[in-house]
Amino acid sequence: MAGTSVRPTGARAVWSRDFALFFTARAVARLGDTMLPVALAAGLLQHGYGAGAVGLAMAATAAAFAGLVVFGGVLADRFSTRKLMIGADLVRLGTQALAAVLFYSGHVVLWQICAIGFANGVAGAVFQPGVASTVPRLASDVQGANGAIRVAESAAQLAGPAAAGLLVGFASPGGVFAAHAATYAFSALCLLLLRLPPLAPGSRPASSGRGSGGKAFRADLVEGWREFRSRPWLWSVIAVWCVYMIAVWGPTVPLVATEVVQEHGPRAYGLVNSALGAGTVVGGLLALRLRPRRMLRAGAVGLVGFAAFPASVGAGLGLPAMAAGAAVAGAGMSFWGVMWATSVQTQVPPDVLNRIHAYDVAGSLAMMPVGQALAGPAASVLGADHVLLLSGATSFAVCAALLLIPAVRGLVRVEAATGPSGAPAPTEPPSRTQKC
């Protein structure tokens, strides 16, 4: 990649006691989250519900998260992110423990499971925005920290479904929910032991000097939107990403599952998924090593690799080729993810970072259900293989669009400055009138 350099020998360290605690909390919580779909599917099917009920239970969580994460961003900028994350973990500890009791007792009612899922989504919406500002406060090497977390989460993605399958086989779906609750307890404990360094001089919580009423909350919400809109590189990526969710990611997930299972069986689909997970680990490791000056440009080039996933399945290639395509796709997506997260965390000032991250998450997820909903009708009209080939072609077009936007391809990396105690002090963003 042009303009990419290998990590310098004297690069600032990522690891510290506090970052290790945060890293462990994220990895363990991710392990539990990847176990949940297996537990929901197995548990609801065992109690006489169908695939529609499983989808409804998952949608309850996704809808609450996507609908409320922007408000969670305002809360994270107004209050202690650490306390909010601990509280969110404790709420999910309680809800998943309740789900375990319901499944163990055999008293499983769909609306109750959906209500639990909705509560989990609300807690996730409160938790997630604080992640953005926590990473640069704990590590001066923000890219290295994001790369390490991505590798851990990818490894958890590989291990979680397998662990859930074993627990369902040897215990019951209730056992998976109990284990999931335990991961939130462990995450909360790690965050409780965590000591965040003070905010950089000049940073202030969003609530400073504004009171705590509804008008102040709305003002913070509006300010976050104004800050979001003032950065062309930020909102343009989200706009392009909406197309990506509708035309690439949304249809790829359900149609790849359908095509591979029908043609090669469920074990083959498991292998392809494992290859995708292994690729994400590789992408995270590459992001730990490579230091491009223009991070979004490099990330967009890496993201080109995702086209290999839907295209290899749509073309009807053999299982080894599909697994290889999945691995390349995972590496590209993971590398882009680290470049994007690091750009947001280092380019945006800390007093609005959580809100902007929340707008980022909401915008990125908003169109995914649309793409998933349209996948079936599109496959009925065009054929699943043609839709997947079209998704592969659109993936190239999306990457080209990202590279054609001057604010995106020209954005220069910003390194976090190290404060007196070794804690990172986020730098000021480039002037809004400065050419990216």
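The structure presented is a predicted model; accordingly, all values stated were derived computationally and were not measured. (Residues numbered from 1 in each chain as written. Predicted model: local features only at pLDDT ≥ 70, side-chain atom pairs only at ≥ 80, totals over all residues. Heavy atoms only, no water.)

1. Comments concerning the overall build of the chain
Within the chain, the regular secondary structure consists of 16 helices and 4 strands. Within the chain, the fraction of its 436 residues that count as buried is 52%. A fraction of 86% describes how many contacts in the chain between residues 6 or more apart in sequence connect residues 24 or more apart. Counting only carbon and sulfur atoms, one obtains 69% of the accessible surface of the chain, whose full area is about 18000 Å². (Helix = DSSP H or I, 4+ residues; strand = E, 2+ residues; numbered from the N terminus. Buried < 20%, exposed > 50% of the residue type's maximum accessible area, 1.4 Å probe, protein only. Contact = heavy atoms within 4.5 Å. Areas by Shrake-Rupley, 256 points an atom, 1.4 Å probe, with all protein chains shown as cover.)

2. Re the confidence of the model for the chain
Considering every residue of the chain, the mean pLDDT works out to 81; 87% of them sit at 70 or more. The spread of mean pLDDT over the elements of the chain runs between strand β4 (residues 424-425), the lowest at 40, and helix α10 (residues 295-303), the highest at 94. (pLDDT = per-residue confidence, 0-100.)

3. Points about helix α3 (residues 81-105)
Between its first and last C-alpha atoms α3 spans 36 Å; for 25 residues at 1.5 Å apiece the expected length is 36 Å, and the two agree. Looking one or two residues past α3, Gly106 carries a phi angle of roughly 80°, positive in sign. (Expected span 1.5 Å × (residues − 1).)

4. What to know about the nonpolar core
Counting residues in hydrophobic clusters, the biggest one holds 57 residues, and the most contacted among them are Trp233, Tyr244, Leu303, Trp336 and Trp340. Per-element tally for this core: the top contributor is helix α8 (residues 232-264), with 12 residues. When residues no more than four places from it in sequence are discounted, the contact partners of Tyr244 are Trp249, Gly250, Leu303, Phe306, Met333, Ser395 and Val398. Counting residues in hydrophobic clusters, the runner-up holds 23 residues, among them Met35, Ala100, Leu102 and Val168. (Core = buried A, V, L, I, M, F, W, Y, C linked by side-chain atoms within 4.5 Å.)

5. Overview of the environment of Gly124
Take Gly124: it is sitting in helix α4 (residues 110-138). For Gly124, a relative accessible area of 8% puts it in the buried group. It is 9.5 Å that separates the C-alpha atoms of Gly124 and Ala62, two residues lying 62 residues apart in sequence. Excluding residues that lie within four positions of it along the chain, Gly124 makes contacts with Phe65, Arg92 and Pro129.

6. Here we look at the packing of aromatic side chains
Tallied over the full model, the rule gives 14 aromatic pairs. Chaining the aromatic ring pairs together yields one cluster made of Trp233, Trp241, Tyr244, Trp249, Phe306, Phe309, Trp336 and Trp340. The lysine or arginine in question, Arg92, covers the ring of Phe127, its NZ or CZ lying 5.0 Å from the ring centre. (Phe/Tyr/Trp six-rings, centres within 6.5 Å; stacked < 30°, edge-to-face > 60°. Lys NZ or Arg CZ within 6 Å of the ring centre and 35° of its normal.)

7. Re the pattern of salt bridges
Counted according to the given criterion, the structure contains 6 salt bridges. For Glu153, the salt bridge goes to Arg26, with nearest N and O atoms at 3.6 Å. Pair noted here: Glu153 is in helix α5 (residues 142-170) and Arg26 is in helix α1 (residues 17-46), with a separation of 127 residues, a long-range link. One exposure class covers both Glu153 and Arg26, and it is buried. (Salt bridge = Lys/Arg side-chain N within 4 Å of Asp/Glu carboxyl O.)

8. A short note on helix α15 (residues 384-404)
When the terminal C-alpha atoms of α15 are compared, their 30 Å separation across 21 residues agrees well with the 30 Å that a helix rising 1.5 Å per residue should span. Considered for burial, the residues of α15 that qualify are Ala384, Val387, Leu388, Ser391, Gly392, Thr394, Ser395, Val398, Cys399 and Leu402. In an axial view of α15, the angular spread of the buried residues amounts to 165°, which keeps them on one side of the axis. For α15, the secondary structure elements touched by its buried residues are α8, α10, α11 (308-314), α12 (319-347), α14 (368-382) and α16 (406-409). (Arc of directions from axis to C-beta.)

9. Topic: the environment of Thr394
Residue position: Thr394 is located in helix α15. Of the residues examined, Thr394 reaches a relative accessible area of 16% and is grouped as buried. Spatially, the C-alpha atom of Thr394 lies 6.8 Å from that of Ala247, the residues being 147 residues apart in sequence. Aside from chain neighbours lying at most four places away, what touches Thr394 is Ala247 and Val248. Engagement of the side chain of Thr394 in a polar contact is seen with the backbone oxygen of Leu390, the distance being 2.8 Å. (Polar contact = N/O pair within 3.5 Å; in protein donor to acceptor, adjacent residues only side chain to side chain.)

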